[in-house]
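# Fold and geometry: a report
Listed below are the residues making up each chain.
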Amino acid sequence: MFVEDLRGDFYQRLIGKRILVIVNYDIDAICTSKILQALFKYDNMLYSIVPIMGLSGVVRAYNEHKEDVKLVLLINCGGCLDIVEVLQPEEDIIFYVCDSHRPYHVCNIYSDSQVRILGEMKPEEGIPEFDAIFPQSEAEDDDDSDEEDDGENRAQNRIERHERQALKRRQKREWEEKRNKIMFDYTQFNYYSSSSALMIFELAWHLSKDSIDLLWWAIVGLTEQLLLGKIESSTYTLATDRVQSHVSRLTNKASDQTIQTSVRINFENDLHLALYRHWSVLDSLKYSIYPACKLKLWTYKGEKVMHELLVDMGLPLVQAKQTFNAMDLELRKEFYEKMEKFSEKYRLTHIVYGSFILQYGYRNKYSAADYVYSMLATLESIKADRTPEACFLRSMDALSRNNKDILDEGIEMGKVLLSTIFKQVQSSLEMHAVYSAGPFLYFILQEEIPYFTCPYGLLMLARFLQRGHVAISRNKRAPELPMIAVAPIDLARGFSLLVGTPPVCEDTKNFFGKAFEQAAMKSGATISQDFFETCVIQIRHSDCTKFMDALTVLLV
């Protein structure tokens, strides 16, 4: 069931109770949990936060804490699985679901009491009607009271009864076929809805407990969805309109106070250049997915075009190689205007987008995208001496302004991540390592590279590689083909990570979740669909060939 009144039917019911908060490993979920922590601290509430990576993590977290809690909050996880069926909870346990993954599982939607989804039922999500997917109980056909009839009547009654039963069986079969089609249409694509962090921030606003910090965390969660291709730019633009009103309100509120705050959020047009305020212009242009693919910067000709752009902008190469903050002041001031001026000439028509900038003190200025890349690199920096949980907590700490050193360290790791992705894209395209299987493109990485053993690192590589291939391909169908990337995550045990991305020309809806499931059944391949991003699976490397063959047959 849906809970639209988040203040009365959700938050007020948490007060005074211990809460288990299960959080998925993504930036939007981290920002959401950070906002909730601030609210819980304000009301002196008891809670436990448990980060999880997949379905098995949810089961483990719930089983470890189920004796201590009656209320469980699932952040960016759980909405797409039958919670009651999977967890088998006691009847007095209530699950609140704040999940941006779609589509929701129908059993969660029509749960009467135990599962409560935060938000409203939206018509565009195409949720099936209850009667169309759940069978209605039928009264048994009780026509056996014909003992007193003569033989001819009894025979006639039996014929009529058989005809009624045959009709019911046919109606049931037709209903099941119709239900299967409805469910297939509803579940065939996986996609994302609006940011969970923004939803919880607006709850804080209704509770009169919002602040500039909470708003900034919501902005970071929203920006992550845009940068990782989870939502379309039009959806992002509509959300920024809502955010701008909150920025104006909180800025005016701070100005009205006798002691003014030094923290300020500005909405301004920014550039799709990763970390350029903390990097050199040359590196940022080269390692950002949008300009790199538009200018084909992995080629000699592309580098020549980039140098021509710098000449047109009046930006000397010696300045472009310096850190942005070390550039000449006049060149820094004119940089945005010059990029916008020459964007059409160099086919960089979408280089500009609306973004939010956080400024505190005199020298601390970060865009929301800076936070996303920093936190993402921190989250993916799992090593032998650094557990996933430690990476999660460190990524969360980066959101606090008094942990600037963690944020800056993440930005440096973000540079390494982006440059590693670019170098892999460059070598793969030069070696023509992106192949076409007919209905999709695929790429198989042979060596184990740390950043590509994590889902988001490999997804970023797949998106970059796909767009790079489309940019240089002579195949007119290339923009219409989805992409699959495979990377080893444990060579000793023979396991690989496999991800799928939708075609470049289409929207953010991804059909690979269902396709992977069916291909595994047809091929007999051993896969694990444990991640909440259904386009990400683990597979035995020895099964990759037969799995790809089955997927090819399925998608033809």
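Let us look at the structure shown here. (Residues numbered from 1 in each chain as written. Predicted model: local features only at pLDDT ≥ 70, side-chain atom pairs only at ≥ 80, totals over all residues. Heavy atoms only, no water.)

## So, the sheet that holds strand S9 (residues 263–271)
- In spatial order, the strands read S9-S10-S11; together these 3 strands make up an open sheet with antiparallel pairing. Lying at the two open borders of the sheet, with one neighbouring strand each, are S9 and strand S11 (364–367). Between one strand axis and the next, the sheet turns by 30 degrees as a mean value, whatever way the strands run.
- Here 9 bridges tie S9 to strand S10 (residues 352–360), and the two strands are oriented antiparallel to one another. Bridging from a neighbouring strand, Phe 267 pairs with Phe 356 of S10.
- Here helix H18 (residues 404–430) sits on the sheet and contacts S10 and S11; the angle it forms with S11, its principal contact strand, is near 50 degrees. (Pairing = 2+ DSSP bridges. Helix = DSSP H or I, 4+ residues; strand = E, 2+ residues; numbered from the N terminus. Axes fitted to C-alpha atoms, helices over the stretch in contact; angles between N-to-C directions. Contact = heavy atoms within 4.5 Å.)

## Concerning the sheet that holds strand S14 (residues 483–490)
- Taken in spatial order, the 6 strands line up as S12-S13-S14-S15-S17-S16 in an open sheet, and their pairing is mixed. Looking at which strands have only one partner, the edges of the open sheet turn out to be strand S12 (435–436) and strand S16 (527–528).
- Running at roughly 135 degrees to strand S15 (residues 495–501), helix H20 (residues 512–523) makes contact with S14, S15, S16 and strand S17 (536–540) of the sheet.

## A closer look at the nonpolar core
- Ranked by size, the top nonpolar core spans 154 residues in total, and within it Leu 73, Trp 216, Phe 335, Met 339 and Phe 547 carry the most contacts.
- Setting aside anything within four residues of it in sequence, one finds Leu 73 in contact with Phe 10, Ile 19, Leu 20, Val 21, Ile 22, Leu 36, Tyr 96, Cys 98 and Leu 118.
- Counting residues in hydrophobic clusters, the runner-up holds 29 residues, among them Ala 61, Val 69, Val 115 and Ile 127. (Core = buried A, V, L, I, M, F, W, Y, C linked by side-chain atoms within 4.5 Å. Buried < 20%, exposed > 50% of the residue type's maximum accessible area, 1.4 Å probe, protein only.)

## Observations concerning unusual backbone geometry
- Residue Pro 103 follows Arg 102 across a cis peptide bond; omega there is 5 degrees.
- When you line up the elements, Pro 103 lands in the loop between strand S6 (101–102) and helix H5 (106–109).
- Its identity is not glycine, yet Asn 76 carries a phi of approximately 55 degrees, on the positive side.
- Mapped onto the elements, Asn 76 comes out in the loop between strand S4 (71–75) and helix H4 (83–87).
- Phi at Leu 275 takes a positive value of approximately 55 degrees, unusual for a residue other than glycine.

## Side note on helix H2 (residues 27–42)
- When the terminal C-alpha atoms of H2 are compared, their 23 Å separation across 16 residues agrees well with the 22 Å that a helix rising 1.5 Å per residue should span.
- For H2, a buried count of 12 out of 16 residues is recorded, marking the element as mostly surrounded by other parts of the structure.
- Among the residues of H2, Ile 27, Asp 28, Ala 29, Ile 30, Cys 31, Thr 32, Ser 33, Lys 34, Ile 35, Leu 36, Leu 39 and Phe 40 are the ones counted as buried.
- Directly beyond the C-terminal end of H2, a positive phi value near 50 degrees is found at Asn 44. (Expected span 1.5 Å × (residues − 1).)

## Digging into the side chain of Ser 374
- Relative to the elements of secondary structure, Ser 374 occurs in helix H16 (residues 368–379).
- The residues touching Ser 374, leaving out its near neighbours within four places in the chain, are Ile 406, Leu 407, Gly 410 and Ile 411.

## What to know about the packing of helix H9 (residues 212–227) against H16
- Where H9 contacts H16, the axes come no closer than 8 Å and their chain directions differ by 75 degrees. The pairing of H9 with H16 is recorded here as roughly perpendicular in orientation. Of the residues in H16, those touching H9 at Trp 216, Ile 219, Val 220, Thr 223, Glu 224 and Leu 227 are Ala 368, Ala 369, Tyr 371, Val 372, Tyr 373 and Met 375.
- When the residues that make up the contact of H9 with H16 are grouped by side-chain class, the tally is 10 nonpolar, 1 polar and 1 charged. (Parallel < 35°, antiparallel > 145°, perpendicular 65-115°, else oblique. Nonpolar A, V, L, I, M, F, W, Y, C, P; charged D, E, K, R; others polar.)

## With respect to empty space enclosed by the protein
- If you walk through the whole model with that rule in mind, you get 3 cavities of 30 Å³ or more.
- Taken as a whole, the largest cavity spans an internal volume of roughly 150 Å³.
- Lining the largest cavity we find Leu 227, Leu 228, Ala 274, Tyr 287, Ser 288, Ile 289, Tyr 373, Leu 418, Ile 421, Met 460, Arg 463 and Phe 464.
- In this structure, the second largest cavity is lined by Asn 24, Tyr 25, Met 53, Leu 379, Glu 380, Pro 455, Tyr 456, Leu 459, Phe 531, Glu 533 and Val 536.
- In terms of residue count, helix H19 (residues 455–472) provides more of the lining of the second largest cavity than any other element does, 3 residues in total. (1 Å grid on protein atoms, 1.4 Å probe; cavity = no way out; pocket = protein on both sides within 12 Å on 5 of 7 lines; lining within 4 Å. Points joined across faces, edges and corners; volume = space filled by probe spheres on them.)

## Quick look at helix H15 (residues 329–342)
- With 14 residues, H15 extends 20 Å between its outermost C-alpha atoms, agreeing within 8% with the 20 Å of an ideal straight helix rising 1.5 Å per residue.
- Maximal helix bending in H15 amounts to about 45 degrees, located at Phe 335.
- Every buried residue of H15 is accounted for by Leu 331, Phe 335, Met 339 and Phe 342.
- Against S9, helix H11 (281–287), helix H13 (300–313) and helix H14 (317–320) lie the buried residues of H15. (Bend = angle between axes of the 7 residues up to and from the residue.)

That's the geometry; what it means functionally is another story.
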